[in-house]
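Topology and contacts: notes
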Amino acid sequence: MTDHTSPERNSTEVTVAGLGPMGSALAETFLDKGRSLTVWNRTPGKADGLVARGARRAATVAEAVAASPVTVMCLNDYTTMYAVFGSAGAALRDRTLVNLNSGTPREARAAADWAAARDVRYLDGAIMVPPPLVGDPGAVFLYGGPREVFDRHRTVLDDLGDPRLLGADPGLAVLLNTALLGLMYATLNGYLHGAALAASAGMTAAGFAELAAGWFMPVVLPPATFAGQAANMDEGLYPGDLGTMEMNLTAIEHITRTSVEQGVRPDHPELMRALAEQAIAEGHGTENYFAMFEVFKGSGARAAR
Ligand SMILES: NC(=O)c1ccc[n+]([C@@H]2O[C@H](COP(=O)([O-])OP(=O)(O)OC[C@H]3O[C@@H](n4cnc5c(N)ncnc54)[C@H](OP(=O)(O)O)[C@@H]3O)[C@@H](O)[C@H]2O)c1
């Protein structure tokens, strides 16, 4: 009879360490795809449902890491990663860790150095979807790290969705995660501020959604806008023949003043106004709005690892 309580070395294909909402979704997906699976969690009871479906429960992190060539970790942060995997000792040697914890690029690079010092192959990843979408073909997982490690475990990574290796820098996945989350929050704030302006005149959220999302965004800000400006952004070229930063500042001032008149919080357009004024002060007044890229970059785009 199979002992499901004490994994041996390479007894399963993949291990998941960390069974919060996301780690559980990863583990369930591996089982859905027919993988043999070992699981470990600080609170062991969270593994009960997975064990009932055939997963092996590891009693210690060392057992969990030994059980599979690759361990996918999904803990709350990097500090927990060191606390948890620091106890795995020699079991880590010649294993692969795929870290799907959220964090910062510096934390990710330090974790890669920590792994290298222990003879552990390491990939740092970022999950771009909520738990219910894990396993969907459109579920993008970003990775940074060696191509050889990514290719070695590609079929396991494929189980979770659409894995994309951004480059060898282990900080890239969490960096791009924050870049895309920043886009999401700024877009949501712009939409919600606009909805608040519309509501100040009695318009329903549904009415604003139809105007903003049904017409304005697809027609005035279609996805092609961004690809169309990319070459100029890379070259630092912002021709203002169709509209200048000075013109945009005037429009932003109207948003600010209208917000005040209507009793809507003006913080969001005030920040945009300050940024546009900065762009003009830096000499971009006659260029188009994409020149704001130069203001945002600061010294960051030149910062080397
Ligand atoms: N949920 C999402 O929608 C989502 C989406 C994208 C990315 N992520 C990322 O995925 C990671 C996991 O997220 P999550 O939603 O599953 O929940 P979470 O609350 O961020 O992490 C829960 C996991 O961390 C473990 N943990 C926390 N402190 C610990 C400690 N001191 N020692 C050992 N284990 C510890 C928990 O163990 P216990 O069960 O014992 O508490 C549990 O396994 C996070 O980095 C999150 O940012 C989540």
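Relevant structure appears above.
Residues numbered from 1 in each chain as written. Predicted model: local features only at pLDDT ≥ 70, side-chain atom pairs only at ≥ 80, totals over all residues. Heavy atoms only, no water.

Enumeration according to the criterion identifies 13 salt bridges in this entry. We note a salt bridge from Arg265 to Asp267, for which the minimum N-O separation is 2.6 Å. A relative accessible area of 36% means that Asp267 is categorised as partly exposed. Put simply, Glu13, Arg35 and Asp159 are held in one network by salt bridges that share partners. (Salt bridge = Lys/Arg side-chain N within 4 Å of Asp/Glu carboxyl O. Buried < 20%, exposed > 50% of the residue type's maximum accessible area, 1.4 Å probe, protein only.)

What follows is about the site of the ligand. Met22, Asn41, Thr43, Lys46 and Ser102 are the nearest of the 21 residues found near the ligand. Within the backbone of Pro21, an N or O atom sits 3.2 Å from an oxygen atom of the ligand. In this structure, Thr43 approaches the ligand through a side-chain N or O atom, which is 2.5 Å from an oxygen atom. Within the complex, the protein chains bury 72% of what would otherwise be the 890 Å² of accessible surface of the ligand. No other element matches the three residues that helix α1 (residues 21–32) contributes to the shell around the ligand. Counted by class, the shell around the ligand contains ten nonpolar, nine polar and two charged residues. (Near = heavy atom within 4 Å. Polar contact = N/O pair within 3.5 Å; in protein donor to acceptor, adjacent residues only side chain to side chain. Areas by Shrake-Rupley, 256 points an atom, 1.4 Å probe, with all protein chains shown as cover. Helix = DSSP H or I, 4+ residues; strand = E, 2+ residues; numbered from the N terminus. Nonpolar A, V, L, I, M, F, W, Y, C, P; charged D, E, K, R; others polar.)

Where helix α4 (residues 78–85) meets helix α5 (residues 105–116), the axes come as close as 10 Å, and the angle between the chain directions of the two elements is 15°. It follows that α4 is roughly parallel to α5 by the angle criterion. Here α4 runs over α5; the crossing is left-handed. The segment α4 lies against α5, with Tyr78, Met81, Tyr82 and Phe85 engaging Glu107, Ala108, Ala110, Ala111 and Trp114. (Axes fitted to C-alpha atoms, helices over the stretch in contact; angles between N-to-C directions. Parallel < 35°, antiparallel > 145°, perpendicular 65-115°, else oblique. Left-handed = near helix turned anticlockwise from the far one by under 90°. Contact = heavy atoms within 4.5 Å.)

Right, let's get into the sheet that holds strand β3 (residues 56–57). The strand order across the open sheet formed by eight strands is β3-β2-β1-β4-β5-β6-β7-β8, and the pairing between neighbours is mixed. Looking at the sheet topology across the chains shown, the edges are occupied by β3 and β8 (162–167). Pairing between strand β4 (residues 70–73) and strand β5 (residues 96–99): four bridges, direction parallel. When the sheet's bridge partners are listed, Met73 is paired in β5 with Asn99. Against the sheet, α5 touches β5 and β6 (121–127), its axis set at about 155° to β6. (Pairing = 2+ DSSP bridges.)

For Asp94, which is not glycine, the phi torsion reads 65° and is therefore positive. Of note, Asp94 is situated in the loop between α4 and β5. Classification of Asp94 by relative accessible area gives partly exposed; the value is 40%. Even without glycine at this site, Asp119 takes up a positive phi of about 60°. Mapping Asp119 onto the fold places it in the loop between α5 and β6. Owing to a relative accessible area of 46%, Asp119 belongs among the partly exposed residues under this scheme.

For the pair helix α8 (residues 172–200) and helix α11 (residues 245–262), interaxial distance at closest approach is 10 Å and the crossing angle is 45°. Relative to α11, the element α8 lies oblique. The two elements α8 and α11 meet at a crossing, and its hand is left-handed. The segment α8 lies against α11, with His193, Leu197 and Ser200 engaging Ile255, Thr258, Ser259 and Gln262. Of the residues belonging to the contact of α8 with α11, the class tally is two nonpolar, five polar and no charged.

Here we take up the nonpolar core. One finds Leu26, Leu37, Val39, Phe141 and Tyr143 to be the most contacted residues of the largest nonpolar core, which totals 32 residues. Breaking this core down by element, the ones donating at least two residues are β1 (14–17), α1, β2 (37–40), β4, β6, β7 (140–144), α6 (147–152) and α7 (154–159). In this structure, Phe141 is in contact with Leu26, Leu100, Ala126, Ile127, Val129, Val134, Leu160, Asp162, Pro163 and Arg164, ignoring residues within four places of it in sequence. Of all hydrophobic cores here, the second largest spans 23 residues; its members include Ala17, Ala64, Val65 and Ala112. (Core = buried A, V, L, I, M, F, W, Y, C linked by side-chain atoms within 4.5 Å.)

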